[in-house]
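Coordinates in review
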Amino acid sequence: MRRKETVYYNKTKEELKHELKQKAKDLGRTPRIKDIENLTLYTNGFGSWNNALIAAGFKPNPRRAPDYANLSEQELIDLVRPQLYPLIKQKEYEKIRKEFNFPSGAYLAVRMGGWNNFLLKAKIPISTTTETDEELIAMYRRLSDKLGYPAKISDLNESDEIPNYSIFNTRFDGINNLRRLAGLPHNESRPMIKDEEIQNALIFVRKKYGEIEYMELIEVLKTEGLPSARTLFIRLKADGIKHLWEIAKELEEQLNICKASDCTNKCSPRKSYCSHTCRHRESGRRRRERRIALGVCLQCGGEKDRPESDHCSECYAYFHKRYKNSTTAKMDT
Ligand SMILES: [Zn+2]
Ligand SMILES: [Zn+2]
């Protein structure tokens with residue numbers, strides 16, 4: 001077994017170049033990485049695959065690996081996304097990525113805060129699997145029994161008998177919860193965030209910021225001190241940002257959330273607003289929007305003399321007088 005390898009490594013650069021040319025003749029084209037059985041032989045001998053091609057007189061691969069560090073997260077996603085499919089495991093990605101000259105899965109995972117997060121950001125569905133929660137828990141228990149300890153994340157990702165950890169993470173929000181549900185030793189220290197808190201966070205963000213993109217959502221949740229986007233996706237079982245906003249709309253209906261655009265209170269049954277103040281504020285806001293759309297005075301709804309102004313001249317004069325009165329009143333005191 002070892003002997004074969006030794007023979008390989010004994011090849012001179014001239015021999016390697018000759019083999020590349022022979023390969024090209026057989027293939028009728030410039031060899032690609034996937035055509036080569038022992039790539040390291042060439043990368044070690046010539047410094048890189050492209051250098052080996054150049055040395056053998058071929059044009060280097062036009063899809064040369066870009067400097068991934070210079071690419072933004074979105075650019076990285078755009079690069080690899082066409083080749084990704086739902087539920088792709090990091091292990092499976094590593095197999096296909098060489099063919100396309102993609103960055104390693106480990107690199108993507110580091111850049112995106114984990115493989116699961118990368119899939120989320122790339123909007124690759126991660127929560128669809130046919131197994132029920134009970135079946136998944138049973139599978140996890142079986143694997144742990146076999147191993148003799150509560151299976152670790154890496155055990156799940158390496159085993160071919162069980163779905164990737166991302167599936168479990170999506171369903172059960174972390175390995176600790178999974179262990180708790182499977183009746184295996186686990187850590188109780190981190191309390192679960194309540195469902196209500198998760199729902200409120202989502203409704204609050206939708207009201208205040210609208211249906212924003214995933215990356216923006218991450219930032220907003222951070223600045224507002226709310227649970228992470230990952231937690232929201234997992235706990236609400238959303239498999240994409242669009243799905244998440246659909247869930248938000250459904251929750252607002254279900255919980256009968258106040259229709260005022262800046263209020264997240266629940267209303268009594270058959271009421272649209274939680275309070276008179278909310279009703280007034282909202283109707284004022286709607287009137288204002290209507291008046292902006294019509295291009296009329298925001299105060300009285302009358303014709304404006306100057307379109308660039310917010311108010312008609314009458315209202316403007318009234319405001320001006322009041323302002324003057326209030327300042328002179330202040331100066332008097
Ligand atoms: Zn309200
Ligand atoms: Zn007016």
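Look up: the structure comes first, before these words.
All figures in this text were calculated on a predicted structure; none of them were measured in a lab. (Residues numbered from 1 in each chain as written. Chains lettered and ligands numbered in written order. Predicted model: local features only at pLDDT ≥ 70, side-chain atom pairs only at ≥ 80, totals over all residues. Heavy atoms only, no water.)

1. Here's the deal with the overall build of the protein chain
This is how the line gets drawn: A run of DSSP states H or I qualifies as a helix once it reaches four residues; a run of E qualifies as a strand once it reaches two. Both are numbered from the N-terminal end. Buried, partly exposed and exposed residues are distinguished by accessible area as a fraction of the type maximum, computed with a 1.4 Å probe on protein chains only: under 20%, between the cut-offs, and over 50%, respectively. Under the convention used here, a 1.4 Å probe and the Shrake-Rupley method define accessible areas, while residue burial counts only the protein chains that appear.
Broken down by element type, the protein chain carries 18 helices and 0 strands. Taking all 333 residues of the protein chain together, 37% fall into the buried category. Of the roughly 20,900 Å² of accessible surface on the protein chain, a fraction of 51% belongs to carbon and sulfur atoms.

2. Some remarks on the coordination of the zinc ion (ligand 2)
The condition that has to hold: Any N, O or S atom lying within 2.8 Å of the metal counts as a donor, and for Na, K and Ca the limit rises to 3.2 Å; water is left out, so some sites can look incomplete.
The protein atoms donating to the zinc ion (ligand 2) are Cys297 (SG), Cys300 (SG), Cys312 (SG) and Cys315 (SG), with metal-donor distances spanning 2.2 to 2.4 Å. Cys297 gets classed as buried once you look at its relative accessible area, which sits at 0%.

3. Focus on the coordination of the zinc ion (ligand 1)
As a reminder of what qualifies: Only four donors with every angle between 85 and 135 degrees are called tetrahedral; only four or six donors with opposite donors over 155 degrees apart and all others between 65 and 115 are called square planar or octahedral, in that order; all others are irregular.
Coordination of the zinc ion (ligand 1) by the protein involves Cys258 (SG), Cys263 (SG), Cys274 (SG) and Cys278 (SG), with metal-donor separations of 2.2 to 2.4 Å. Geometry at the zinc ion (ligand 1) is tetrahedral, judged from the 4 donor atoms that bind it and their angles of 106 to 117° at the metal. Here the donor residues for the zinc ion (ligand 1) map to a single chain with the spacing C-x4-C-x10-C-x3-C. Of the two residues, Cys263 is situated in the loop between helix 16 (241-254) and helix 17 (276-294) and Cys278 in helix 17; the sequence distance between them amounts to 15 residues. With respect to burial, Cys263 and Cys278 carry one shared label: buried.

4. What to know about the environment of Gly295
Mapping Gly295 onto the fold places it in the loop between helix 17 and helix 18 (313-332). With a relative accessible area of 38%, Gly295 lands in the partly exposed category. Along the chain, Gly295 and Pro307 lie 12 residues apart, while their C-alpha atoms are 7.2 Å from each other.

5. Digging into empty space enclosed by the protein
A probe matching the size of a water molecule, rolled over the atoms, marks out where space remains unfilled. Put simply, the rule reads: Grid points spaced at 1 Å over the protein atoms alone were grouped into cavities, where a 1.4 Å probe fits but cannot get out, and pockets, open sets with protein on both sides within 12 Å along at least five of seven lines, with lining residues defined by an atom within 4 Å of a point. Grid points are joined across faces, edges and corners, and a volume is the space filled by probe spheres set on the points. In this classification, the charged set is Asp, Glu, Lys and Arg, the nonpolar set is Ala, Val, Leu, Ile, Met, Phe, Trp, Tyr, Cys and Pro, and all remaining amino acids, among them Gly, are polar.
For the structure on display, the rule yields 1 cavity of 30 Å³ or more. Leu120, Lys123, Tyr214, Phe233, Gly240 and Ile241 are the residues that line the largest cavity. Here the lining of the largest cavity is composed, by residue class, of 4 nonpolar, 1 polar and 1 charged.

6. So, the environment of Pro227
Let me state the cut-off plainly: Contact between two residues is taken to exist if any of their heavy atoms lie within 4.5 Å; hydrogens are not considered.
One can find Pro227 in the loop between helix 14 (214-223) and helix 15 (229-235). For Pro227, a relative accessible area of 12% puts it in the buried group. With sequence-adjacent residues up to four places away left out, Pro227 is seen in contact with Ile193, Ala201, Leu221 and Leu232.

7. Topic: helix 3 (residues 39-46)
Test applied: Along the arc lie the directions from the helix axis toward the C-beta atoms.
Here helix 3 has its buried residues at Leu41, Tyr42 and Phe46. The buried residues of helix 3 all sit within an arc of 95° when viewed along its axis, so they share a single face.

8. Observations regarding the packing of aromatic side chains
Here is the rule we go by: Pairing of aromatic side chains requires ring centres within 6.5 Å, counting the rings of Phe and Tyr and the six-membered ring of Trp. Pairs whose planes differ by under 30 degrees are stacked, by over 60 edge-to-face, and all others tilted.
What the rule picks out here adds up to 7 aromatic pairs. Relative to Phe102, the ring of Tyr93 has its centre 6.5 Å away and its plane inclined at 10°; by these criteria the two rings are stacked. When its relative accessible area of 0% is taken as the criterion, Tyr93 is described as buried. Here Phe102 falls in the buried class, since its relative accessible area comes to 7%. Both rings, one in Phe168 and one in Phe172, keep their centres 6.3 Å apart while their planes meet at 35°; by these two values the pair is tilted. Taken together, the residues Phe168 and Phe172, both in helix 11 (residues 165-172) and 4 residues apart, mark about one turn of the helix. Pair check on accessibility: Phe168 and Phe172 agree, each one buried. An aromatic cluster of three or more residues is present, and its members are Tyr93, Phe102, Trp115 and Phe118.

9. Points about the pattern of salt bridges
What counts is decided by this rule: Each salt bridge in this description consists of a side-chain nitrogen of Lys or Arg and a carboxyl oxygen of Asp or Glu lying within 4 Å of one another.
By the definition in use, this model includes 15 salt bridges. With a closest N to O distance of 3.9 Å, Glu196 and Lys266 form a salt bridge. One end of the pair, Glu196, is in helix 13 (residues 195-209); the other, Lys266, is in the loop between helix 16 and helix 17, and 70 residues separate them in sequence. By relative accessible area, which is 45% here, Glu196 ends up partly exposed. Between Arg285 and Glu289 there is a salt bridge; the shortest N-O distance is 2.6 Å. Of this pair, Arg285 and Glu289 both sit in helix 17, 4 residues apart, which is roughly one turn of that helix. For Arg285, a relative accessible area of 29% puts it in the partly exposed group. Residues joined in a network through salt bridges with shared partners are Arg206, Glu211, Lys249 and Glu252.

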